[in-house]
Structures are given as structure tokens and as C-alpha cells.
Amino acid sequence: MEIEKELKDIALPITEPEYRQRPELSYSTLSTYERSGFDGLDHLFDKIESPSLLFGSIVDTILTDGMDAFYEHFIVLDVNVTDGGKDVCSKLKELYPNITSFEDFPEEYVSYAAKEAGFWKADKWDKIRYREVLKTGNIAEYFNALQSSGKTVVDSVTYNDALKCVEVLRTSTATHGYFAQDDKLSPLRRYYQLKFAAKFENVGYRCMADLIIVDYEDKKIIPCDLKTSSKTEWHFMDSFEQWNYMIQARLYWRIIKANLLNDPYFKDFTLENYRFIVVNRKTLTPLIWEFPLTQELGTLVDKEGKEYRDPFEIGKELQSYLNFRPQVPKGIDKDGI
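Residues numbered from 1 in each chain as written. Predicted model: local features only at pLDDT ≥ 70, side-chain atom pairs only at ≥ 80, totals over all residues. Heavy atoms only, no water.

S.K.: In this structure, what is going on with the overall build of the protein? I would like to understand it.
M.R.: Of regular secondary structure, the protein possesses twelve helices and ten strands. On C-alpha atoms alone, the protein measures out to a radius of gyration of 22 Å, which is about the 20 Å that the 2.2 N^0.38 rule sets for 337 residues. By its C-alpha atoms, the protein is 65 × 60 × 40 Å across when sized along the principal axes. In the protein, which comprises 337 residues, the share counted as buried stands at 46%. Once local pairs closer than 6 in sequence are excluded, the contacts in the protein between residues at least 24 apart make up 68%. (Helix = DSSP H or I, 4+ residues; strand = E, 2+ residues; numbered from the N terminus. Rg over C-alpha atoms; globule rule 2.2 N^0.38 Å. Buried < 20%, exposed > 50% of the residue type's maximum accessible area, 1.4 Å probe, protein only. Contact = heavy atoms within 4.5 Å.)

Structure representation (C-alpha cells):
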């Protein structure tokens, strides 16, 4: 099918690193603030690393960009190191980028990096913390590989599990159509990692969508997000609440919709509710979840009476704190009673 104009033509023409540097608020920032509140402002933009996030990144890279992209960013290496040891290595690399060999680190450097990484943080003695770091496994081999390759080290178990997730996402009844190759004769087109930005009530927001499927014949657009969940696929509702995915769905939908409305060709397209494509590395039973309240405005209330604030309410409050950096939260009178 011949297409007059593609959705990618109205997306931001920037790379992912450029996207990460933009000043607009993102879902992850809003979600982090909603969990940590005013007291967490100083750590709002801290880089967060975890085995779960790493696994999700691997699956996403292989599925959307292919194996060449995977090998560009990752190296598969089996080294016996605990997650705590890996966190220490990542912090060492961040704090001391010019030191390329673990053997060249003074004990106090390793101890300080470990403390910053949250490893034996309560212990006051550098020598004790340093000894505990050495007990995490072959940490020198791991760090040296990390520094020499300039890539993220992945063990073979994680790598093989990621390949299994990619395979089942591409072949299962529920999800294979989402990740199929585009057919030039079909009106369907699949777009990965499109980036958009929009401003609402003087607050800027940005989003990078994992997958957007466009039906150019029926003028329908389906926004999707891929989740590699530690919970089984049928318990995704628990993860949905835990990580505030309702913020992501509602915010992304509004940003994409604003860009559609600003374009004379896409303004008549229907943007459907957000869908979450969920897979667990052990059960390998991918499911599709749709959030029916994607387009709702205002605070949402569940059956138990728990409230979930509107993304724009969170955004306006957070942007105000970031702009003025008050000493106390709103509603607190530091000079009165």
C-alpha cells in the first residue's frame, strides 16, 4: 500500500542519547517523584541500574534493533560475580573512568565506590568493606572486561533467557503480529522507539514509545509498551500499580495525541488505548494488557479507594519544585505553626 505520510515523519529526529539529554519531564521522572515525594528531589535524576532493568534492555535491543545492535552495546561473558559486586564495578567505572584495571585501585577507592553503590553502606571501616567486595567473586576479571570493552557485560544465562523471550514474543499467538515484519502491500506499519515531545500548561513532557502500530487504511494507531516482568504475565496488574504504569499510559497517549492533532494528515487518526506487551523470562507466556482508562482525565480511584494522580497534576507540582527549589513542601509553613 502506498502511504502518503508516515508517523516517523512527525517524530523527533534525534538519537536516544540526545533524547535522554532533553529537559522535558518523562514518565520515569514523574513515577520516581510520585514514589519518593519532596524528600527525593535531590536524587530524582540518579542513574538507576538493576538486573531487571538490564534484562529488559537486552530483550528490547534484540527485538527492536537486532543482533548487530546487541553486540554493539553488550558483551557476553561468564564471570562469577554477585549483583552487589557488579554494582560496585559500575560505580567504580562511573567515579574513576581513567582507571582501567581493578588492581590499580587503592582500597579506599573501592570502599568509597562500594559505599556509594549501597554495598555494606552502614559499615564505617574501609578495610572491612573492601574485604567484603573481594568476596563477591571474580570482581577484578569482571571490572577489567567492563572497562576494556566499553560495553555492558552480560552472562550467558541472562543472554539465553533474553533470546527465549524474543523468540516467544515473535512466535506466540498473542504477540507475533505485533513484531512481524512490515509487508509493503499491507496498510500496517510498525515503528520502534519513536520519540515525541509536547507542552501542556507550560510544562514540557517527552516520551519514547517502544512500539507504535499504524493502520493507514483504517486510520488507527495502537501505542504499545514492552515489559519484561519479574512477575508472571497474569499478575501484571500488580506490577502496573507498583511502578505507576498508569502514569506512563496516560502521559504517553497525551503526548502522541498532541503531535497527531498538530499535523494536518494525522489529526483525523484514532489513537487507541495503551497496550502493554508483557513477558516473564521463566513462564514465557506473553500476554497483551490494555489500560481502559488511558484517556481519562483527573485522579483515578480504584475499588479499594486508592487514588492515582493525573500525570499533569504531578508534572505541574514537580516542575514548580524544580524551578524554585523551596526548602519545604507545599502546605508547610516554615515560619508559622
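S.K.: Looking at this model, I keep getting lost on the packing of helix 2 (residues 27-36) against helix 11 (residues 245-261). Mind explaining?
M.R.: Geometrically, a packed helix pair is captured by the angle between its two axes and the distance between the axes. Put simply, helix 2 and helix 11 touch, their axes get as near as 9 Å, and they point 145° apart. For helix 2 against helix 11, the interelement crossing comes out right-handed. Each of Tyr27, Leu30, Ser31 and Glu34 in helix 2 lies in contact with helix 11, whose residues at this interface are Tyr245, Ile247, Gln248, Leu251 and Tyr252. Tallied by class, the residues present in the contact of helix 2 with helix 11 amount to six nonpolar, two polar and one charged. (Axes fitted to C-alpha atoms, helices over the stretch in contact; angles between N-to-C directions. Left-handed = near helix turned anticlockwise from the far one by under 90°. Nonpolar A, V, L, I, M, F, W, Y, C, P; charged D, E, K, R; others polar.)

S.K.: Any chance you could explain the side chain of Asp161 here in plain terms?
M.R.: Checked against the element boundaries, Asp161 lands in helix 9 (residues 156-171). Relative accessible area serves as the criterion here: at 15%, Asp161 is assigned to the buried category. When residues no more than four places from it in sequence are discounted, the contact partners of Asp161 are Phe55 and Arg281.

S.K.: Sorry, what's going on with helix 12 (residues 311-324) here?
M.R.: Side chains that are three or four residues apart share a direction in an α-helix, a result of its 3.6 residues per turn. If you check helix 12, its first and last C-alpha atoms are 20 Å apart, about what 14 residues at 1.5 Å a residue would give, namely 20 Å. Of all the residues in helix 12, the buried ones are Pro311, Phe312, Ile314, Gly315, Leu318, Gln319 and Tyr321. Those residues of helix 12 that are buried are in contact with helix 2, strand 3 (188-200), strand 4 (203-215) and helix 11. Structurally, the start of helix 12 carries an N-cap: the backbone nitrogen of Phe312 is 2.8 Å from a side-chain oxygen of Asp310. (Expected span 1.5 Å × (residues − 1). Polar contact = N/O pair within 3.5 Å; in protein donor to acceptor, adjacent residues only side chain to side chain.)

S.K.: I would appreciate a short explanation of the environment of Pro17 in the present structure.
M.R.: Looking at the element boundaries, Pro17 is found in helix 1 (residues 16-20). Distance in space between the C-alpha atoms of Pro17 and Leu194 is 13 Å, their sequence separation being 177 residues.

S.K.: How do you make sense of the nonpolar core when you look at a structure like this?
M.R.: Proteins that are soluble and globular tend to have nonpolar side chains buried together. Leu7, Phe196, Tyr205, Phe266 and Phe276 are the most contacted members of the largest nonpolar core, which has 50 residues in total. Counting only elements with at least two residues in this core, the list comes to helix 2, strand 3, strand 4, helix 10 (236-242), helix 11, strand 7 (275-279) and helix 12. Residues within four places of Phe196 in sequence aside, it is in contact with Leu7, Ile10, Ala11, Leu12, Tyr205, Arg206, Cys207, Ile212, Ile255, Ile256 and Asn259. Counting 23 residues, the second largest nonpolar core, distinct from the first, contains Ile62, Phe74, Cys165 and Ile277. (Core = buried A, V, L, I, M, F, W, Y, C linked by side-chain atoms within 4.5 Å.)

S.K.: Teacher, can you tell me more about the pattern of salt bridges here?
M.R.: For side chains of opposite charge, pairing can occur when their charged atoms come near one another. Considering all chains together, one arrives at 22 salt bridges under this definition. Across the pair Asp225 and Lys227 runs a salt bridge, and its minimum N-O distance is 2.8 Å. Comparing Asp225 with Lys227, the two get one shared label, buried. When the shortest N-O distance is used, the salt bridge between Arg309 and Glu317 registers 3.1 Å. When salt bridges that share partners are traced, they join Glu34, Arg309, Glu313 and Glu317 into one network. (Salt bridge = Lys/Arg side-chain N within 4 Å of Asp/Glu carboxyl O.)

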